[in-house]
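# Architecture at a glance
The residues making up each chain are set out below.
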Amino acid sequence: MKKVFKDKIINIDENIFDNKFLFSYLKTDFKNSDREIFFIEKLLKPKQNTELLNNLNGKFAMYSEVFSPKDEFQIFSDLFDYAISKNQKIHIVWITLKEELAILEKYYTEKWFLREDVNCFVVDFDKALVTVSVNIENLIWKGSDYKANWKKIFFVPPVRESGQNKAMFKWINRWSISSIFIKDFSNPENTKFLENCIKEEKILPLTFSKVLFYNAKDMWFDWIEKEFIVKY
């Protein structure tokens, strides 16, 4: 078995051909003494478009507009401006928009976190004023899934269009999204998805280890370390 650390992968037993990765994941409620935590879910719920919700008439992809991208982006922008103006560390849980990430990456570039040789960000997540998590459901699902699975994916914030889903993967692999928010790690749907991310190389093992464990650990969140094995 191979243990995946922050910057290396090493064999930890004699079974060097068993095709297994051992990851740590961080079970956390995002408590931190000097970083304020904001859940987009909580802030976006009061902005529900009730009239639209009651008149979807089978057009379930319109649910994305029940909690509109415009409202979410305004929430994110206000939080970002608050953090910068007050010099206050914040963590925003459950972003869904590439427009939010564009603001974040501009900030990370100005802070010299961009590593140009690999076109990725090496962020000091302990010192960065603004950090973000993406929810696992917004990685699993995309807008085209509403037709068949609408009963399962009425989340807040909503599952967005395919382009937004693709952007979340892009920015995980560019190392600007600090972590994947997983409410229920024991859910087989979640673990199967995570396994496929490794098998299909949607997220590389070292990056995977960071968004599951090491980045959040660097931010000093209260945590319990758990193990997750992927057979590839």
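Scope of this entry: the structure provided in the associated data block. Since this is a predicted model, take the numbers as computed values, not measurements.

Quick look at the pairing of strand β3 (residues 20-27) now. Most of β3 sits out of view: six of its eight residues are buried. Where strand β1 (residues 2-4) and β3 come together, two bridges link them in parallel fashion. Among the inter-strand pairings, Lys3 is bridged to a residue of β3, identified as Leu22. Two strands pair when backbone bridges link them, and β3 and strand β10 (residues 224-231) are joined in this way by eight bridges, in the antiparallel orientation. Counterpart to Phe23 in the pairing with β10 is Phe228.

With omega at -5°, the peptide bond leading from Val156 into Pro157 counts as cis. Considering the arrangement of structural elements, one finds Pro157 in the loop between α7 (146-149) and α8 (162-173). With phi around 50°, Asn57 is a residue other than glycine that occupies positive phi space. In this structure, Asn57 sits in the loop between α2 (50-53) and α3 (63-66). For Asn57, a relative accessible area of 68% gives the class exposed. The phi dihedral of Glu201 is positive, around 60°, even though this residue is not glycine. With respect to the element layout, Glu201 can be found in the loop between α9 (188-199) and α10 (205-218).

This paragraph deals with the side chain of Glu137. By the secondary structure assignment, Glu137 is in helix α6 (residues 137-140). The side chain of Glu137 is buried and forms no salt bridge, while Lys183, the nearest opposite charge, is found at 7.2 Å. Only 2.8 Å separates the side chain of Glu137 from the side chain of Asn135, close enough to count as a polar contact. Not counting the four nearest positions on each side in its chain, Glu137 is found in contact with Phe155, Val159 and Asn190.

In this section: the sheet that holds β3. Strand order in the open sheet made by the four strands is β2-β1-β3-β10, with mixed pairing throughout. Edge positions in the sheet fall to β2 (9-11) and β10, since each of these pairs with one other strand and no more. The mean inter-strand angle of the sheet, taken between neighbouring strand axes irrespective of direction, is 30°. Against the sheet, α9 makes contact with β3 and β10, and its axis sits at roughly 60° relative to β10, the strand it touches most. Its contacts with the sheet put α10 on β1, β2, β3 and β10, and the angle it makes with β3 is roughly 25°.

Another aspect to go through is the pattern of salt bridges. Should their charged atoms come close, side chains of opposite charge can pair. Enumeration over the complete set of coordinates arrives at 11 salt bridges. Ionic pairing is found between Glu110 and Lys106, a salt bridge with its closest N-O pair at 2.7 Å. Here the residue Glu110 and the residue Lys106 both occupy positions in helix α5 (residues 98-110), the gap between them amounting to four residues, near one helical turn. Residue Lys106 is classed as exposed on the basis of its relative accessible area, which comes to 53%.

Right, let's get into the sheet that holds strand β8 (residues 130-135). Pairing within the open sheet is parallel, and its four strands lie in the order β4-β5-β8-β9. A strand with exactly one partner marks an edge of an open sheet, and here the two such strands are β4 (36-39) and β9 (179-181). Across the sheet, the mean angle separating the axes of adjacent strands is 30° when strand polarity is ignored. Note: β8 against β9, three bridges, orientation parallel. Paired with Ser133 across the bridge in β9 is Ser179. Sheet strands in contact with helix α4 (residues 69-86) are β4, β5 (90-95) and β8, and its direction is about 170° off that of β5.

The rules we used
- Residues numbered from 1 in each chain as written.
- Predicted model: local features only at pLDDT ≥ 70, side-chain atom pairs only at ≥ 80, totals over all residues.
- Heavy atoms only, no water.
- Buried < 20%, exposed > 50% of the residue type's maximum accessible area, 1.4 Å probe, protein only.
- Helix = DSSP H or I, 4+ residues; strand = E, 2+ residues; numbered from the N terminus.
- Pairing = 2+ DSSP bridges.
- Lys, Arg positive; Asp, Glu negative; His and termini not counted.
- Salt bridge = Lys/Arg side-chain N within 4 Å of Asp/Glu carboxyl O.
- Polar contact = N/O pair within 3.5 Å; in protein donor to acceptor, adjacent residues only side chain to side chain.
- Contact = heavy atoms within 4.5 Å.
- Axes fitted to C-alpha atoms, helices over the stretch in contact; angles between N-to-C directions.

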